[in-house]
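The lines below spell out each chain.
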Amino acid sequence: MNSDFVMLNLPPLVVGVLTAVCCALPGNFLVLRRQALVGDAVSHVVLPGIVLAFVITGSVAAGPMLLGAGLAAVGSLVLIEIIRRVGRIEPGAAMGVVFTAMFAGGILLLEQTNTGHVHLDVEHALYGSLESIVWFDGEGWHSLFDSAALAQLPPQVPRLALTLLAVCVFIAVFWKELFIGTFDPGFAATVGARPGLVGLALAVVVAVVAVMAFDAVGAIIVVAMFICPAGAARLMTDRLFPQLLWSVAFAVISAVVGYCLAAFAPSWFGFSHALSAAGMIATVAGVVFAAACLFGPRRRRAGQVA
Amino acid sequence: MLDSVKPLRVVGAGQTPPAGERAAHDVDSPLAITGLTVSYGGKPALLSVDFTVPAGAMVAIVGPNGAGKSTLIKAALGIVPRIAGEVRVFGAPVERAMARIAYVPQRASIDWDFPATVIDVVSMGFYRRLGLLRLAGNRYRQKALDCLERVGMAAFAARQIGQLSGGQQQRVFIARALAQDADLYILDEPFAGVDAVTERAIVAVLKDLQARGKTIICVHHDLGTVQDYFDHVLLLNVRRIASGPVAETFTPAKLQETYGGRLVAVQGAGA
């Protein structure tokens, strides 16, 4: 490994791994609550908010983007309720209309923004831009111990590290509440475990993760990161905590193998261009899920003959 | 309201019960519901239901499908919002007495393919005593095993819940309620889809709880066993049709009124 690796490949690899783990952990609860598409919905809805924040502030700083995404999420809930009442259609259809319309609006908005000095284009928003994350001060492995160089780390690295820490703290503090509220919300309400509040908090965590991951893997592929590692992990064990550990392992494997395949594999076959890292990570996550379906020890569900 | 006043007047004419005693009984009632009204999307599910449970009773809530039996207990417990009505548990507003209640939801309302073991589920019964951030340690593990022993499921403690039969799953839920160590047990269809062995085991556990002075309320669908298992009954069909001791209340005429024309086996059940 030469110094290029630390400058060009290590940062996207670390960001990819952090993003995958950030998504996989709350993804476990989404899968168990049959809310897998909440991740999908959230990542679609927040796009116009992120773009608006970018248009107004001209930067991709975390604060304004989170604020914009939060406003977009609240706005979508209000819109769904209005459409449901005024249009008298079923909630699923109202959600489908709002999510896709907001996403499309975000894309159009995005096309109008390619004027400033900070570039945010459609491709970036959809598929992320892991490859563009560069650590200019990372001149070699020794830079990892150089505080001056570490201070110049790409901002995504500390941002996602903090997000991961927040996700872990959330799950650790509300472990019993998430467990009881996901399994049996009616019972949870009677013992004071506040399933409604915890469910809302989970949705907020998912939204924050989706916004933080947006930069790295884009709005589309983040959905795969919420669902694939958690879904595969469910097929490996029959207890919740081991399932979380499996999902972290699968997320790390997907990110590392996916990034390496995208960055290095094309050159083995004589192609000069690397592939989309986020796309390859999501593809590997899908392959991991398929393998768990075929070979996972718990692939037979209750009711099926062993 | 008139319906609930009338019997009191009749009793009062005969033997004049001391007013103080009557008030004390009302205050101490494990569950006293007045004027409970619940609506689902504009359609009334429950209309001004009054229902008072005597302490130490074993009560069946009986009525046709869609009568609001599950809704009654969910609304009483605050799981489903109520439009109107007051719910008092042991004299206090229900919100402040939740620690004295153990609730067993319908088995079919749960995804049993959940990554949890039998002992994980029973340990949920300790939630209130544990509080935030504490996990159930060894002492609680032994308590959970004791509760499983009482329903004959101790040997299955490490089993994933999806691998159990319907009856075994129901017994795990009963064990979780035992772990709550409550004074009022509210069960939604505890005998639905369970085998005969499980039904006998659950009845024995409930009778044992009653012998210790606990109060038990079950949503129940098998009219044939009401007289064997229960001493009080509430006949419900959106409104309260009748309630009281089984001997006086569980009559063919009142059942006919509860079920409308739909009940054929009333005479068989009543005989």
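As recorded by an unreviewed UniProt entry, chain B carries the name Manganese/zinc/iron transport system ATP-binding protein and is attributed to Pseudochelatococcus contaminans. Entered under Sequence similarities (unreviewed entry) in the UniProt record, the comment concerning chain B runs "Belongs to the ABC transporter superfamily."

The name that an unreviewed UniProt entry assigns to chain A is Manganese/zinc/iron transport system permease protein, with the source organism given as Pseudochelatococcus contaminans. Comment text from UniProt for chain A, heading Subcellular location (unreviewed entry), reads "Cell membrane". Chain A has a UniProt comment under Sequence similarities (unreviewed entry) that states "Belongs to the ABC-3 integral membrane protein family."

The next point concerns the interface of chain B and chain A. Of the residues lining the interface, 32 residues belong to chain B; the matching set on chain A comes to 27 residues. Roughly 2600 Å² of surface becomes buried between chain B and chain A when both sides are summed, with 64% attributable to carbon and sulfur atoms. The largest per-residue losses of area from chain B upon contact with chain A belong to Phe114(B), Pro115(B) and Tyr127(B), which jointly make up 28% of the total buried on that side. Our count for the chain B to chain A interface comes out at four salt bridges. Put simply, Arg239(A) and Asp120(B) hold a salt bridge, and the shortest N to O gap is 2.5 Å.

So, on to a nonpolar patch on the surface. All names here are of chain A. On the surface, Ile253, Val257, Leu261, Trp268, Phe269 and Phe271 cluster together into a nonpolar patch covering about 670 Å² of accessible area. Residue position: Leu261 is located in helix 11 (residues 240-268). When its relative accessible area of 31% is taken as the criterion, Leu261 is described as partly exposed.

The next point concerns the sheet that holds strand 10 (residues 239-245) of chain B. Residues and elements named next belong to chain B. Overall, mixed pairing links the six strands, which are arranged 6-7-8-3-9-10 in an open sheet. Two strands in the sheet have a free side with no partner beyond their single neighbour: strand 6 (101-104) and strand 10. Direction aside, the axes of adjacent strands within the sheet are offset by 15° on average. With five bridges connecting them, strand 7 (residues 184-188) and strand 8 (residues 215-219) associate as parallel partners. Looking at the pairing, Leu187 lines up with Cys218 of strand 8.

Basis of the calculations
- Residues numbered from 1 in each chain as written.
- Chains lettered and ligands numbered in written order.
- Predicted model: local features only at pLDDT ≥ 70, side-chain atom pairs only at ≥ 80, totals over all residues.
- Heavy atoms only, no water.
- UniProt positions renumbered as here; feature names shortened; annotations may be inferred.
- Contact = heavy atoms within 4.5 Å.
- Buried area = accessible area lost by both parts, 1.4 Å probe.
- Salt bridge = Lys/Arg side-chain N within 4 Å of Asp/Glu carboxyl O.
- Patch = residues over 30% accessible without salt bridge, like charges linked within 9 Å, V, L, I, M, F, W, Y side chains within 5 Å.
- Areas by Shrake-Rupley, 256 points an atom, 1.4 Å probe, with all protein chains shown as cover.
- Helix = DSSP H or I, 4+ residues; strand = E, 2+ residues; numbered from the N terminus.
- Buried < 20%, exposed > 50% of the residue type's maximum accessible area, 1.4 Å probe, protein only.
- Pairing = 2+ DSSP bridges.
- Axes fitted to C-alpha atoms, helices over the stretch in contact; angles between N-to-C directions.

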